[in-house]
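The residues making up each chain are set out below.
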Amino acid sequence: MNLMKVAGVSVVVLAGLLVLVGCSFNRAAEKQEPADTATPSASTPANGEFVSAAMVVTFGDGEILFVDQDTDTPYFPTLPEDTPKLTTGNIVRVTGNGIMLESYPGQYPGITNVEVIKEGTPADAEKYADIVAEIWQPKDPAELPYASVEYTTELAVTSVMLPALSYVWNYEEDGEAHTIAEDAKQPNQIAAENLPDVRVDAPTEVTANFDVNTTSISVMRWSEDVLNSEGEAVQVLADELSFIVEPGYRYAIFATFEQGEVTYAFTVL
């Protein structure tokens with residue numbers, strides 16, 4: 001998940017409050033539906049795994065949201081690698097540890113298996129349009145891509161937002177083509193205190209994230225002690241948009257999109 005949607009990180013165990021499924025345990029016991037039903041109620045098998053049913057809803061650039069079929073509660077799933085291709089309207093049986101991250105919508109990182117048990121259609125998911133509207137709106141075509149870098153330390157996973165420095169951005173609105181541009185200072189001409197910072201003690205891998213698909217990125221760096229140099233290129237893992245940063249250096253990301261080019265920068269303390 002692109003990621004910017006997380007509103008909290010505390011963990012809620014679905015035992016007492018059952019944020020995901022409310023009181024569906026009792027309803028499931030009363031219904032005593034057979035194991036092969038197309039829309040099973042939430043239950044906890046003998047092996048301790050939590051099983052529930054959800055409808056698949058997609059939005060934006062194909063982002064996936066699940067809506068629990070007992071409570072109409074939306075949540076973002078972390079899908080296992082062997083998850084089949086999902087389309088809007090699918091009903092899926094979700095197996096996991098029952099632990100939900102507290103946010104809105106919630107996040108369910110402990111999913112171990114997702115099985116499509118009913119194909120459904122996009123029309124079936126239209127009843128959840130109001131839920132989607134609460135969490136997502138089509139982006140203004142004139143708005144530049146959001147960017148961040150994410151890295152992991154011994155204490156936490158940290159994401160740092162990156163403002164756009166300079167750009168050329170092309171977009172279409174009401175059938176007309178538009179171009180906006182900004183030729184700001186070069187990344188090595190800006191005071192360090194005016195840049196976002198990454199705080200690490202040793203060489204660390206960071207991953208660049210964007211809310212619009214890139215066609216390519218390149219990265220340059222300068223020593224904070226010698227900013228008037230030409231800088232040096234930094235190797236980027238193309239598939240992951242990841243690269244290594246070191247304390248005492250400033251980094252610029254030159255990102256190319258179908259709609260144009262945007263430059264971002266940060267320093268490493």
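Quick caveat, the model's predicted, so the values are computed rather than measured. (Residues numbered from 1 in each chain as written. Predicted model: local features only at pLDDT ≥ 70, side-chain atom pairs only at ≥ 80, totals over all residues. Heavy atoms only, no water.)

Trainee: Mind laying out the overall build of the protein, listing which residues take part and the relevant values?
Mentor: A count of helical and extended segments in the protein gives two helices and 19 strands. Each of the 269 residues in the protein was classed as buried or not, and the buried ones make up 40%. Of the contacts formed within the protein by residues at least 6 apart in sequence, a portion of 64% connects residues at least 24 apart. Working note: accessible area of the protein is about 14800 Å², and carbon and sulfur atoms make up 49% of it. (Helix = DSSP H or I, 4+ residues; strand = E, 2+ residues; numbered from the N terminus. Buried < 20%, exposed > 50% of the residue type's maximum accessible area, 1.4 Å probe, protein only. Contact = heavy atoms within 4.5 Å. Areas by Shrake-Rupley, 256 points an atom, 1.4 Å probe, with all protein chains shown as cover.)

Trainee: Quick rundown of the pattern of salt bridges? Include the residues and the values.
Mentor: Taken as a whole, this structure holds six salt bridges when the rule is applied. With a closest N to O distance of 3.1 Å, Glu 246 and Arg 221 form a salt bridge. Remark: Arg 221 occurs in strand E15 (residues 214-223) and Glu 246 occurs in the loop between strand E17 (242-245) and strand E18 (249-257); sequence separation between them is 25 residues. By sharing partners, the salt bridges in this structure join Arg 221, Glu 232 and Glu 246 into a single network. (Salt bridge = Lys/Arg side-chain N within 4 Å of Asp/Glu carboxyl O.)

Trainee: So what's going on with the pairing of strand E14 (residues 204-210)? Which residues, and what values?
Mentor: Every second residue of E14 is oriented toward a common face, the buried set being Thr 204, Val 206, Ala 208 and Phe 210 and the non-buried set Glu 205, Thr 207 and Asn 209. In terms of strand pairing, strand E9 (residues 147-152) meets E14 through five bridges, oriented antiparallel. When the bridges of E14 are listed, Tyr 151 appears paired with Val 206. With four bridges joining them, E14 and E17 adopt antiparallel strand pairing. By the bridge assignment, Glu 205 is partnered in E17 with Ile 244. (Pairing = 2+ DSSP bridges.)

Trainee: Before we move on, could you go through the sheet that holds E9 and cite the residues and values that matter?
Mentor: Overall, antiparallel pairing links the four strands, which are arranged E10-E9-E14-E17 in an open sheet. This sheet does not close on itself; its edge strands, each paired only once, are strand E10 (157-162) and E17. Direction aside, the axes of adjacent strands within the sheet are offset by 30° on average. (Axes fitted to C-alpha atoms, helices over the stretch in contact; angles between N-to-C directions.)

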